[in-house]
Amino acid sequence: MKKYIFLLLAACQGLATMAQENVAYKLKVNLASGEKFAFRADEVDSITFANYEKVQVNLSKRFVTSTTVAVNIELQENSKRFYALCLPAEQQIPEDQVKDYILKNKTVEAETSYKKSFDLLKPETEYTIYALAFDMNDIPSNVSKLTLKTGKVSDDPFSIAINKITNRSVDYTVTPKDPSIKYYTLSSTLDKYYEDCTTGENAGDVIQHYIAMWTQFASWYGSTWQEMMKLDLKSGTYTNNQIELLWDTDQMIVVFGMNDAGELVTPIYTQSYRTTAPKPSNNEIKIELAKEPAYRDVVVKTTVSNNDDYFVSVQPASYVDKFESTEEMINHLCYNTHGIAGLTHNGSKEAIEFRPSKPDQDYYVIAVGLDEGAPCTKPVMLKFHNPANN
């Protein structure tokens, strides 16, 4: 400790002397590793010798399925944060390179204890989870390791049979291994699944997302989230036909068992798939205003080259202009239009009526070809002004 105090005093006195002279000095630091650093003395604000304290995270098994290893990552009190990743156990990393590898390739980063599910793995295969802890001075410290093996498919708590996949839907059947188990299931985009794991204070636990959802429902009806949950739970073999999914996108089906108290009673089982891409259409769509627009009275005429499905919408210019590209806008519009499959047209139309609600604003008529509810042609747009309410 005395050595550090003397070094600090010497450095401070040297910097003070340098600051009083009109001469450019450099502060040079030579590390034991052989690395060297140099700083202009007049650029150094302060020098601090922090107490280096070795820390690590505690890793423990939460559950495994044939495609998932789930772990508890517990931060020690003197740890500021951690990085983590999962690798096949056969992929060995030299001990002297582990820290650098984690720093460059981390897939998890958090400042709290965490429940992490590493999904989309191979059955009956060993994986090693690595976690690097940072001390309170944000200095990388010790690495923790835990090796787990994914289970057999026959041991999974559920089986999922995917019956049909389209651009915008999936039909799948869940069969629990234990017929007495009550369970919840839902499909979402893979990105949404990962978001549900990490949003807010979920800390990697997707169950917290669904509890928050049921809690919100309970607040509307003066009930408890457990009562709302019970309304959603299934039992026995159940077939779910989920619609209005995002086309040509990786998706994730989630299934987990819960008891009436809202406690998880099975591992969280997942299965991935991908929705199909829309087939391109050569339908040529032309749009025009059938008459001069009046307030909340806009009539659109369409002329098309074949009988393929197409979608027509009227949107404020402010909506269109917030997107960086027309493609981004049309994808957002089609994905977020509830019941778009029932709003399609076939053939040319003399009059499609709209009631735009915002007076004295610019609008666009937007038309695009659809294949099973997904855009399959380039969109066409026509700008007009919605008159004031006189």
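Everything in this summary refers to the structure shown in the same document.

What counts and how
Residues numbered from 1 in each chain as written. Predicted model: local features only at pLDDT ≥ 70, side-chain atom pairs only at ≥ 80, totals over all residues. Heavy atoms only, no water. Helix = DSSP H or I, 4+ residues; strand = E, 2+ residues; numbered from the N terminus. Buried < 20%, exposed > 50% of the residue type's maximum accessible area, 1.4 Å probe, protein only. Contact = heavy atoms within 4.5 Å. Pairing = 2+ DSSP bridges. Core = buried A, V, L, I, M, F, W, Y, C linked by side-chain atoms within 4.5 Å. Salt bridge = Lys/Arg side-chain N within 4 Å of Asp/Glu carboxyl O.

Section: the overall build of the protein
Secondary structure assignment for the protein yields seven helices and 24 strands. The burial tally for the protein puts 40% of its 390 residues in the buried class. Taking the intrachain contacts of the protein between residues at least 6 apart in sequence as the baseline, contacts between residues at least 24 apart amount to 67%.

Looking at the sheet that holds strand 13 (residues 234-235)
The four strands lie next to each other as 13-12-15-16, forming an open sheet whose pairing is antiparallel. The open sheet has two edge strands, strand 13 and strand 16 (269-274), and neither has a second partner. Bridge analysis of strand 15 (residues 250-257) against strand 16 gives six bridges, and the strand direction is antiparallel. Bridge pairing in strand 16 places aspartate 250 opposite arginine 274.

Looking at the nonpolar core
Formed by 22 residues in total, the largest nonpolar core has its most connected members in Val57, Ile73, Phe82, Phe118 and Ile129. Going through the elements one at a time, strand 4 (69-74), strand 5 (79-88), strand 6 (108-110), strand 7 (114-118), strand 8 (126-135) and strand 9 (140-149) are the ones with two or more residues in this core. In terms of residues, this core owes the most to one element, strand 8, which gives four residues. Counting 21 residues, the second-largest nonpolar core is a separate cluster that includes Ala70, Cys197, Val254 and Met258.

Focus: the pattern of salt bridges
Evaluation of the coordinates by the stated rule reveals 15 salt bridges. Across the salt bridge formed by glutamate 109 and arginine 81, the nearest N and O atoms sit 3.3 Å from each other. Of this pair, glutamate 109 sits in strand 6 while arginine 81 sits in strand 5, and the two are 28 residues apart along the sequence. For glutamate 109, a relative accessible area of 47% corresponds to the partly exposed category. Note that arginine 81 is salt-bridged to aspartate 138, the shortest N-O span being 2.7 Å. Highlighted residues: arginine 81 in strand 5 and aspartate 138 in the loop between strand 8 and strand 9, separated in sequence by 57 residues. Note on arginine 81: relative accessible area 12%, which makes it buried. Put simply, Lys291, Asp297, Glu353 and Arg355 are held in one network by salt bridges that share partners.

A look at unusual backbone geometry
Its identity is not glycine, yet glutamate 124 carries a phi of approximately 50°, on the positive side. The phi dihedral of glutamate 244 falls on the positive side, at around 60°, and the residue is not glycine. On the accessibility criterion, glutamate 244 (25% relative accessible area) is partly exposed.

Don't take any of this as a statement about function, it's just geometry.
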